[in-house]
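# Residue-level structural notes
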Amino acid sequence: MTPIIIRCIYSVFFLCVAMAFSLVVSIPNLSSSTAGICTRRRRFFLPSSHLLLNPSLSLPSDRSSPFPFPEASILPNSWRRAGARAGSITFSLSSRPEYIPNRIPDPNYVRIFDTTLRDGEQSPGATMTSNEKLVVARHLSRLGVDIIEAGFPASSPDDLDAVRSIAIEVGNQPLGEDGHVPVICGLSRCNKKDIDAAWEAVRHAKKPRVHTFIATSEIHMKHKLRKTREEVVSIARDMVAYAKSLGCQDIEFSPEDAGRSDREFLYHVLTEVIKAGATTLNIPDTVGYTLPSEFGKLIADLKANTPGIENVIISTHCQNDLGLATANTLAGAYAGARQLEVTVNGIGERAGNASLEEVVIAIKCRQELLGGLYTGINTKQIVMASKMVAEYTGLFVQPHKAIVGTNAFAHESGIHQDGMLKHKGTYEIISPEDIGLTRANESGIVLGKLSGRHALRSRLLEFGYDIDGKELDDVFKRFKEVAEKKKRISDEDLEALISDEIFQPRVIWSLGELQVTCGTLGLSTATVKLMSSDGEERIACSIGTGPVDAAYKAIDSIVKVPAVLKEYAMNAVTEGIDAIATTRVVIGGDETHTSTHALTGKAICRTFSGSGAAMDIVVSSVRAYISALNKMLGFVSAMKASEDTPKKHNVSS
């Protein structure tokens, strides 16, 4: 080959390289093209320059499939954001990685562990019936949570049955859009009796997990456990091994009060339980004591100093005593935790837990600052989950609660309204539709006394309630009753009626008729007619210090169960004298209505909440009281059934 031909080949080669380089540098800056802070889909962007500079990375034939991306630290933040201009290659990360107990194939995926049915239910007055827990668990599955901590089976026979039902019905069939079946988890203290009960309850699930814990802080070991460090290590190691011996392959261990535990001792305990078979190590900030910088460093230190921790999943469980639960949870995730324990609406012991909706939306909105982390949560199910939990537990959401509060997407200031009219992104970092919230009447339907079933059902679908059959008939009947008295039914009125009809316990007693007389001329009297579940009618009359007191006493004379009113609260749904009133009550029974507290081990008297809605405040109050009584009676009935039913299984099997 002559030198001229060789020079020509070189010239062509260098010309091609120069053209390729000019193409690379001309690609627009992706980070400037992001239209909003929060994205509706999780996407990664791989500029063509990265392919040129890294030929070892190959493109999948199907661009819609998840891309096996490298560690987050080598991906520039701008490549993880949605809304990039033409010239970038987009990969959707909507697929959930295969579930492996002690490993996540995708290092950027974060598991969401929901403990609403366990830690959340420990909120005073938040007791749910077994059927309500099952309904909530079904929706958590639709929401896409990875693990459902369904309860503390050793606390009572009713709780064991509830967890078993969830394991059978929710833990074996996909309910969400992606065919996902959640892990069903049961909590236990570090003793064989608790672990037996937990395993018996969850073993029916496709993916069962036992979660066992023991305290590791000096203050807990000395004053609560009254055990030495050596004894605590031995118990932790032996009980994890015992859970594994029962056949459980997915075991979570929590060193209670890890936030205040001695660091070296924590390394030692965790090393031993890893050897014994633990697959997830949960690090609880049990009393909400740590600051985000402290908690993040704790997770980082555990990763760096615990032998074998690379073979397990690190989890966080942050309480909200200082209002830092969400911040601490995010700090833990940034430091390497890949499971986050949360509750819907942030309910839980004392000041509550890290809020599921806050943690999930924060990860979604600030993905670029969290190293590309993402979850499998279907955020459009968040609002319904929030409403369901609020109604079943009786713990209403404060108006200014982040993400799901009634004021979260309300704009009253003139300056804010002006900005919203010009561009919604001026004062909203997330779209309400992204969490399943319908803010306005998109169909133009105005409901009134002439509206029919079809119009009502269409409006309910806009709220996210897909109901039909008897449920729709019941709501329609209540709607017509109110529509006869009000010219126009507002969205708030309608939601109050929906909640009052749908989110109610199993009906044992229902209100038939109510008549009260009150005023300054004589004693308040009430006549109440109740209908039993078998159709029997009973009528009673009583006097009281007021119409509500008289009505409650009349109900007590019919139902004949000891009940003490512990809390009573009422709110008007809308403004005006024709507003619908919503009432919440909490009642307590006698000392036989007890369960075991997960952390203290002491028997606690259960309380039961109820809610009601009506234009008449006395009717609203009576509906709430009957709702709470139905919960109590359902609990008593379940307890008796458990005691009367012979054991079908050996709990150690």
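Residues numbered from 1 in each chain as written. Predicted model: local features only at pLDDT ≥ 70, side-chain atom pairs only at ≥ 80, totals over all residues. Heavy atoms only, no water.

### What to know about the overall build of the chain
Quick note on the threshold: Only DSSP runs of H or I with at least four residues qualify as helices, and only runs of E with at least two residues qualify as strands; both kinds are numbered from the N terminus onward. A simple rule labels every residue: compare its accessible area, found with a 1.4 Å probe on the protein chains alone, to the largest value its type can have, and call it buried under 20%, exposed over 50%, or partly exposed in between. Residues are treated as being in contact if the distance between any of their heavy atoms lies within 4.5 Å. Every accessible area reported is derived by Shrake-Rupley at a probe size of 1.4 Å, with residue values counting cover from the shown protein chains alone.
If you tally the helices and strands in the chain, you get 18 helices and 18 strands. Burial status across the chain gives 52% buried among its 653 residues. Look at the contacts in the chain between residues 6 or more apart in sequence, and 69% of them connect residues 24 or more apart. With an accessible surface of roughly 29400 Å², the chain has 56% of that area assigned to carbon and sulfur atoms.

### Description of unusual backbone geometry
In this structure, R350 takes a positive phi of about 50° despite not being glycine. The residue R350 is located in the loop between strand 10 (339-342) and helix 11 (356-365) in this model. Classification of R350 by relative accessible area gives partly exposed; the value is 46%. At I403, a residue that is not glycine, the phi angle is positive and equals roughly 75°. For I403, the position within the fold is in the loop between helix 12 (382-393) and helix 13 (414-422).

### A look at the nonpolar core
Condition: What we call a nonpolar core is a set of buried Ala, Val, Leu, Ile, Met, Phe, Trp, Tyr and Cys residues that are connected through their side-chain atoms within 4.5 Å.
With 96 residues, the main nonpolar core has F253, L281 and I283 as its most contacted residues. The contact partners of L281, leaving out residues within four places of it in the chain, are F253, L270, V273, I274, I309, V312, I313, I314 and S315. Among the nonpolar cores identified, the runner-up in size contains 26 residues, and I508, Y552, V622 and A628 belong to it.

### Remarks on the packing of aromatic side chains
Formally: Any two of the Phe, Tyr and Trp rings considered here, Trp counted by its six-membered ring, make a pair once their centres fall within 6.5 Å; the pair's planes then place it as stacked at under 30 degrees, edge-to-face at over 60, or tilted in between.
Here the structure, examined in full by the defined rule, presents 3 aromatic pairs. Ring centres of F476 and F479 lie 6.1 Å apart, and the angle between their planes is 35°; this geometry places the pair in the tilted category. Placement of both F476 and F479 in helix 15 (residues 469-483) is noted, with a separation of 3 residues, approximately one turn of the helix. Ring geometry for Y552 against Y625: centres 4.0 Å apart, planes inclined by 10°, an arrangement best described as stacked. Placement of Y552 in helix 17 (residues 547-559) and of Y625 in helix 18 (residues 617-644) is noted, with a sequence separation of 73 residues between them. Each member of the pair, Y552 together with Y625, is buried.

### A short note on helix 3 (residues 130-143)
Quick note on the threshold: Multiply 1.5 Å by the residue count of a helix minus one, and that product is the helix's expected span.
Over its 14 residues, helix 3 runs 20 Å from end to end, which matches the ideal 20 Å to within 8%, given 1.5 Å per residue. Those residues of helix 3 not exposed but buried are E132, K133, L134, V136, A137, H139, L140, S141 and L143. Two residues or fewer after helix 3 comes G144, characterised by a positive phi angle close to 100°.

### Considerations on the environment of E231
Applicable threshold: Each polar contact in these results corresponds to two N or O atoms within 3.5 Å; when the atoms are within protein, one needs to be able to donate a hydrogen and the other to accept it, and residues that are neighboring in sequence are counted only if both atoms are side-chain atoms.
The residue E231 is located in helix 7 (residues 229-245) in this model. The partly exposed category is assigned to E231, whose relative accessible area is 38%. Reaching out from E231, the side chain makes a polar contact with the backbone nitrogen of T228 at a distance of 2.8 Å.

### Considering the pairing of strand 12 (residues 524-532)
This is how it is decided: Paired strands, as defined in this entry, are two strands with at least two bridges between them according to DSSP.
Relative to strand 12, strand 11 (residues 509-517) runs antiparallel, the two sharing 8 bridges. Across the sheet, E513 pairs through a bridge with K529, a residue of strand 12. Sheet analysis places strand 12 next to strand 13 (residues 537-544), joined by 8 bridges and oriented antiparallel. What sits directly across from L530, in strand 13, is R538. What sits between the antiparallel neighbours strand 12 and strand 13 is a turn of 4 residues, in which G535 has the positive phi angle 95°.

### Examining the sheet that holds strand 15 (residues 581-588)
For clarity, the cut-off: To obtain an axis, a line is fitted to C-alpha atoms, over the contacting stretch when the element is a helix, and the angle between two such axes runs from 0 to 180 degrees between their N-to-C directions.
Ordered by their spatial adjacency, 3 strands build an open sheet running 14-15-18, and the pairing between neighbours is antiparallel. With partners counted over all chains shown, the strands left at the sheet margins are strand 14 (564-572) and strand 18 (607-614), one partner each. Neighbour-to-neighbour, the strand axes of the sheet open up by a mean angle of 15°, direction not taken into account.

### So, the confidence of the model for the chain
What counts, and what does not: Confidence scores per residue from the predictor, reported as pLDDT, run from 0 to 100.
Summing up the model confidence of the chain, the mean pLDDT is 81 and the portion of residues at 70 or higher is 77%. Contacts of residues 21-93 to residues separated by more than four positions or lying in other chains number 119 contacts, the stretch itself having pLDDT below 50. Predicted confidence is poor over residues 440-444, with pLDDT under 50, and the contacts of this stretch with residues over four places away or in other chains come to 6 contacts.

### Points about the packing of helix 8 (residues 263-276) against helix 9 (residues 292-305)
The criterion, for reference: Throughout this description, any angle smaller than 35 degrees is read as roughly parallel, any larger than 145 degrees as roughly antiparallel, any in the 65 to 115 degree range as roughly perpendicular, and the remainder as oblique. Here is the rule for handedness: rotate from the far helix to the near one, and if that takes an anticlockwise turn smaller than a right angle the crossing is left-handed, while a clockwise turn gives right-handed.
Contact geometry of helix 8 with helix 9 gives a least axis separation of 10 Å together with a crossing angle of 55°. With respect to their mutual orientation, helix 8 and helix 9 come out oblique. Where helix 8 crosses over helix 9, the two elements pack in a sense that is right-handed. Between helix 8 and helix 9, the residues in contact are R263, L266, Y267 and L270 and K297, L298, D301, L302 and N305, respectively.

### Section: the pattern of salt bridges
How we decide: Salt bridges are counted wherever a side-chain nitrogen of Lys or Arg sits within 4 Å of a carboxyl oxygen of Asp or Glu.
For the structure on display, the rule yields 33 salt bridges. Of the charged contacts in the structure, one is a salt bridge between E368 and R366, with a shortest N-O distance of 3.4 Å. For E368, a relative accessible area of 10% corresponds to the buried category. We note a salt bridge from R457 to D468, for which the minimum N-O separation is 3.9 Å. Placement of R457 in helix 14 (residues 453-463) and of D468 in the loop between helix 14 and helix 15 is noted, with a sequence separation of 11 residues between them.

### Brief notes about the sheet that holds strand 4 (residues 147-151)
Here 8 strands make up a closed barrel; going around it, the order is 3-4-5-6-7-8-9-10 and the pairing parallel. Here the strands of the sheet are splayed against their neighbours by 25° on average, with no regard to which way each runs. The sheet contact formed by strand 4 and strand 5 (residues 183-189) spans 4 bridges and is parallel. Opposite G151, over in strand 5, you have G186 as the bridge partner.

### Describing the packing of helix 9 against helix 10 (residues 325-335)
Inclusion rule: Here the term charged refers only to Asp, Glu, Lys and Arg, the term nonpolar to Ala, Val, Leu, Ile, Met, Phe, Trp, Tyr, Cys and Pro, and the term polar to all other amino acids, Gly among them.
Viewed as axis vectors pointing N to C, helix 9 and helix 10 meet at an angle of 30°, and their least axial separation amounts to 8 Å. With respect to helix 10, the axis of helix 9 lies roughly parallel. Two packed elements cross with a definite hand, and for helix 9 against helix 10 that hand is right-handed. In this structure, helix 9 contributes P292, F295, G296, I299, A300 and K303 to the contact, and helix 10 contributes A327, N328, A331, G332 and A335. In terms of residue class, the contact of helix 9 with helix 10 is built from 7 nonpolar, 3 polar and 1 charged.

### Brief notes about the side chain of D158
Let me state the cut-off plainly: Asp and Glu are treated as the negative residues and Lys and Arg as the positive ones, with His and the ends of the chain left uncounted.
Position of D158 among the secondary structure elements: in helix 4 (residues 157-169). For the buried D158, no salt bridge is present, and the opposite-charge side chain at shortest range is R606, 4.6 Å distant. A polar contact of 2.8 Å, which involves the side chain of D158, links it to the side chain of S130.

### Description of the environment of G535
Position of G535 relative to the elements: it lies in the loop between strand 12 and strand 13. Measuring from C-alpha to C-alpha, the distance between G535 and W509 comes to 9.4 Å, with 26 residues separating the pair along the chain.

### Section: helix 7
Over its 17 residues, helix 7 runs 24 Å from end to end, which matches the ideal 24 Å to within 8%, given 1.5 Å per residue. Turning to helix 7, its buried residues are V232, V233, A236, M239, V240, Y242 and A243. Buried-residue contacts for helix 7 involve helix 5 (192-202), strand 6 (208-215), helix 6 (218-225), strand 7 (251-256) and helix 8. G247 occupies a position one or two residues after helix 7 and carries a positive phi of about 110°.

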